[in-house]
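The lines below spell out each chain.
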Amino acid sequence: MAVWDDLVGQAKVEEQLAAAARDADALVTAHAAGGPDPEASKMTHAWLFTGPPGSGRATAARAFAAALQCVSPDRALGGAPGCGFCDGCHTTLVGTHADVEIVRTDLLSIGVKETRALVRRAQLSPAGGRWQVIVLEDADRLTEGAGNVLLKAVEEPAPRTVWLLCAPSLEDVLPTIRSRCRHLTLRTPPVEAVADVLVRRDGIDPGTAHAAARATQGHIDRARRLATDERARARRNVVLKLPLRVDDVGGCLKAAQELVDAAAEDAKQVAEEIDVKETDELKAALGAAQGGRMPRGTAGAMKELEERQKRRRTRTQRDSLDLALTDLTGFYRDVLALQLRSRSALANTDVQDALERIARGTTPERTLRRIEAVLACREALDRNVAPLLAVEAMTMALRG
């Protein structure tokens, strides 16, 4: 199985990355032989992967990183890098390759301290692989200061270092950084392609797989979760009933409170699964006796961990709310499609009665305003508006 097999519906991007991987292989081979670099190489030191959520930005970056580290003997016989089976490909894909750093965050932002550590790592020569590869999956979460730190490394990279940055859009990355990267834009995968992946790789029933892929409009990870997690389906059903519950002020406020409470419960579940384990591991590393007091001078480390866990809970709650708002946007998109008699396939056919009821009771202009209210809520959450306040403002705007 080649490393590109995980890319779903991205034939053009796969072609570009495969060509760059071949040129990268030629560059390393030429250096090893002491010869000149090949002319007109498609390989460059910094790449920016952009595309809508669920398009597979991080998957494409990891696949490219694996192809860059491919050590398959078939390359000498004309085979393309990225076999998926050799030690270089395998260790990169599972995240254990010594020369591939994959950075993702469960916090709201990536700060200067973390970025400086990455820049120092990027200056090192490959320990055993062919390239030093830094995959930054959340480049859009870099603070302004962190972006400025990264800029210097992207401007003057080490000879065998490659930066692979991922972000939803070009506008989410500093202009000075994106101007020094080669851009690759991924598209939302077709529903049929996502359903096929769920059936082939996850063994999901075809009917369930197609329904999940259609409901999430091609978002691979969300489709997989929806098809396999009963709690995810239950939460989605609650969100899709919200448009029928906002006929009066009381209904609006109650629906808003339930959405925020559900998101807080998600954050609590994540905390219960991770926080206790992290705390116990840190205490053990700092030399605390079982059930005893912490050694002197360790309070700062414990406080730093508590702050990190608090920021992660905030991020988890915000992500859960954003997921609910995405489902709500899809609901009103279907309403608008019915009102305009569009031939576009509906995403939420399981609640078609509710879609038709709201479509008959309002106008396309009003539906557009409701979509704008949901988008305004997402923007407010991005600006750190209190979640309950932002969601209440939205549900009031959704009133019939």
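As the structure is a prediction and not an experimental result, all values here were calculated from the model. (Residues numbered from 1 in each chain as written. Predicted model: local features only at pLDDT ≥ 70, side-chain atom pairs only at ≥ 80, totals over all residues. Heavy atoms only, no water.)

Another aspect to go through is the overall build of the protein. The helix and strand tally for the protein stands at 15 helices and five strands. Against the globule reference of 21 Å for 400 residues, the protein gives a C-alpha radius of gyration of 24 Å, in line with a compact fold. Principal-axis analysis of the C-alpha atoms places the extent of the protein at approximately 75 × 60 × 40 Å. Considering only contacts in the protein between residues 6 or more positions apart, those separated by 24 or more positions represent 71%. Accessible surface for the protein amounts to roughly 20,400 Å². Of this, 52% is attributable to carbon and sulfur atoms. (Helix = DSSP H or I, 4+ residues; strand = E, 2+ residues; numbered from the N terminus. Rg over C-alpha atoms; globule rule 2.2 N^0.38 Å. Contact = heavy atoms within 4.5 Å. Areas by Shrake-Rupley, 256 points an atom, 1.4 Å probe, with all protein chains shown as cover.)

Of all the residues in helix α13 (residues 352-360), the buried ones are A354, L355, I358 and A359. One face of α13 carries all of its buried residues, which in axial projection span an arc of 130 degrees. Within α13, the exposed residues directed more than 90 degrees away from the buried face are D353, R357 and R360. Check the buried side of α13 and you find it contacts α12 (299-339) and α14 (364-382). (Buried < 20%, exposed > 50% of the residue type's maximum accessible area, 1.4 Å probe, protein only. Arc of directions from axis to C-beta.)

Another point: the sheet that holds strand β4 (residues 161-167). Strand order in this open sheet of five strands is β2-β3-β4-β1-β5, and the pairing throughout is parallel. Edge strands, defined here as strands with exactly one partner in the open sheet, are β2 (100-103) and β5 (182-185). The average angle at which neighbouring strand axes cross in this sheet is 15 degrees, direction not considered. Direction of pairing for strand β1 (residues 46-50) relative to β5: parallel, over a ladder of four bridges. Note that in β5 the partner of T50 across the bridge is T185. Relative to β4, helix α2 (residues 57-68) is tilted by about 165 degrees, and along the sheet it contacts β1, β2, β3 (132-136) and β4. (Pairing = 2+ DSSP bridges. Axes fitted to C-alpha atoms, helices over the stretch in contact; angles between N-to-C directions.)

When you tally the buried positions in β3, you get five out of five residues, the bulk of the element. Here β3 shows two buried faces, one formed by Q132, I134 and L136 and the other by V133 and V135. Two strands pair when backbone bridges link them, and β2 and β3 are joined in this way by four bridges, in the parallel orientation. The partner of V103 across the bridge, within β3, is L136. At this point the chain moves from β2, through helix α4 (residues 112-122), to the parallel β3, and the crossover so formed is right-handed. (Right-handed = clockwise from strand over helix to strand, strands pointing away.)

In this section: the packing of aromatic side chains. A complete count under the given rule lists two aromatic pairs for this structure. With centroids separated by 5.0 Å and ring planes inclined at 70 degrees, the aromatic side chains of W47 and F64 adopt a geometry described as edge-to-face. In this pair, W47 is assigned in strand β1 and F64 in helix α2, connecting sequence segments 17 residues apart. Grouping residues by exposure puts W47 and F64 together as buried. On the basis of an interplanar angle of 85 degrees and a centroid distance of 5.5 Å, the ring pair of F331 and Y332 is categorised as edge-to-face. (Phe/Tyr/Trp six-rings, centres within 6.5 Å; stacked < 30°, edge-to-face > 60°.)

With that out of the way, let us pick up a negative patch on the surface. A cluster of like negative charges, contributed by D261, E265, E272 and E273, occupies part of the molecular surface. Among the secondary structure elements, D261 is positioned in helix α11 (residues 249-285). (Patch = residues over 30% accessible without salt bridge, like charges linked within 9 Å, V, L, I, M, F, W, Y side chains within 5 Å. Salt bridge = Lys/Arg side-chain N within 4 Å of Asp/Glu carboxyl O. Lys, Arg positive; Asp, Glu negative; His and termini not counted. Charge placed at Lys NZ, Arg CZ, Asp CG, Glu CD.)

Moving on, we get to the pattern of salt bridges. Scanning the model with the defined rule gives 18 salt bridges in all. The residue E137 makes a salt bridge to R104 at a minimum N-O spacing of 3.2 Å. Remark: R104 occurs in the loop between β2 and α4 and E137 occurs in the loop between β3 and α5 (144-155); sequence separation between them is 33 residues. Looking at E137, the relative accessible area reads 11%, which means it is buried.

Right, let's talk about unusual backbone geometry for a bit. A positive phi angle, close to 55 degrees, is found at Q217, a residue other than glycine. As for its placement among the helices and strands, Q217 is situated in the loop between α8 (206-215) and α9 (220-228). A residue is classified by how much of its surface remains accessible, and Q217, at 36% relative accessible area, is partly exposed. Here the phi dihedral of R341 falls at roughly 55 degrees; this positive angle occurs in a residue that is not glycine. Mapping R341 onto the fold places it in the loop between α12 and α13. The exposed category is assigned to R341, whose relative accessible area is 73%.

Before going further, it helps to spend a moment on the environment of L226. Along the chain, L226 turns up in helix α9. With a relative accessible area of 11%, L226 lands in the buried category. Between the C-alpha atoms of L226 and A215, which are 11 residues apart in sequence, the distance is 8.8 Å. Here L226 is in contact with A212, A215, T216, A232, R233 and R236, once residues within four sequence places are set aside.

With that settled, consider the confidence of the model for the protein. Residue-level pLDDT values for the protein average 87, and 95% of them are 70 or greater. Here α11 stands out as the least confident element of the protein, with mean pLDDT 82; β1 is the most confident, with 95. (pLDDT = per-residue confidence, 0-100.)

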